[in-house]
Amino acid sequence: DDVNPLLVSKGNTALRNSANHDVQLIFNRMDWANGKQLRVMALYTYMQDHITRAVLFDKNTGVTTVSPMNIDGSQRIAASASYNCPITRNRRFRFGGNATVSHSLSKEFVNDLQKVDNSSARTSANFTYEKGKYLITLGGAFNYNHIASARDGFNTLNLMDFSYGINGKMPLPFGFELSG
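What counts and how
Residues numbered from 1 in each chain as written. Predicted model: local features only at pLDDT ≥ 70, side-chain atom pairs only at ≥ 80, totals over all residues. Heavy atoms only, no water. Helix = DSSP H or I, 4+ residues; strand = E, 2+ residues; numbered from the N terminus. Buried < 20%, exposed > 50% of the residue type's maximum accessible area, 1.4 Å probe, protein only. Contact = heavy atoms within 4.5 Å. Phe/Tyr/Trp six-rings, centres within 6.5 Å; stacked < 30°, edge-to-face > 60°. Salt bridge = Lys/Arg side-chain N within 4 Å of Asp/Glu carboxyl O.

## Quick word on the side chain of Ser 82
Within the element layout of this structure, Ser 82 appears in strand E6 (residues 74-86). According to the relative accessible area criterion, Ser 82 is buried, its value standing at 15%. With residues near it in sequence (within four places) discarded, Ser 82 still touches Gln 37, Leu 38, Arg 39, Gly 97 and Asn 98.

## Considering the packing of aromatic side chains
Across all of its chains, the model carries three aromatic pairs by this definition. Aromatic side chains Phe 93 and Tyr 129 sit 4.8 Å apart centroid to centroid with 50 degrees between the ring planes, which places their arrangement in the tilted category. Of the two residues, Phe 93 is situated in strand E7 (residues 93-110) and Tyr 129 in strand E8 (residues 112-131); the sequence distance between them amounts to 36 residues. For Phe 93, a relative accessible area of 41% corresponds to the partly exposed category. Here Phe 95 and Phe 127 contribute two aromatic rings whose centre-to-centre distance is 5.3 Å and whose plane-to-plane angle is 50 degrees, an arrangement assigned as tilted. Of this pair, Phe 95 sits in strand E7 while Phe 127 sits in strand E8, and the two are 32 residues apart along the sequence. Under the relative-accessibility criterion, Phe 95 is labelled partly exposed at 26%.

## Looking at the pattern of salt bridges
Tallied over the entire structure, the rule returns three salt bridges. Here Arg 94 makes a salt bridge to Glu 130, at a shortest N to O gap of 2.8 Å. Here Arg 94 is found in strand E7, whereas its partner Glu 130 is found in strand E8, with 36 residues between them in sequence. Since its relative accessible area comes to 30%, Arg 94 is described here as partly exposed. Residue classification places Glu 130 among the partly exposed residues on the basis of a relative accessible area of 29%. Between Glu 108 and Arg 151 there is a salt bridge, with its nearest N and O atoms 2.7 Å apart. Here Glu 108 is found in strand E7, whereas its partner Arg 151 is found in the loop between strand E9 (134-148) and strand E10 (157-171), with 43 residues between them in sequence.

Take a look at the structure:
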């Protein structure tokens, strides 16, 4: 593509295959007799020879050169726990909750090697009522993200989000179901 002479795209015949190294630990406890479930999970991912786009900007000429390259060291660690259980003896009312935390380190190349840290936390809870083929769920969730880098001109971000809602389902004639 030569539409923009100030943007040069190059290939890279020295690229190596990338590989993700993942470790996951999962504990899942089901108590079928009482309708309870506990799940705890932890994971770690390391990206070796991750293929990313390198961007080089020449301030003297105004030319931007873009080419793929391998970068080692991007990684992610996360943990979560969830719990679900009936609230009433007849199990029509249930509670569910989940909490997740994670941290990732991303590496990119913009004139030199850049690192971006992203930490996040998420929690959610819901209450469900179910009778026969009818179901209604009330729930809410809170998310927080902190994104930071030492790169010049990078603005640290602190993002929060809260959501809530109601969902349900009910049977309709001819085997159809209404949900939303």
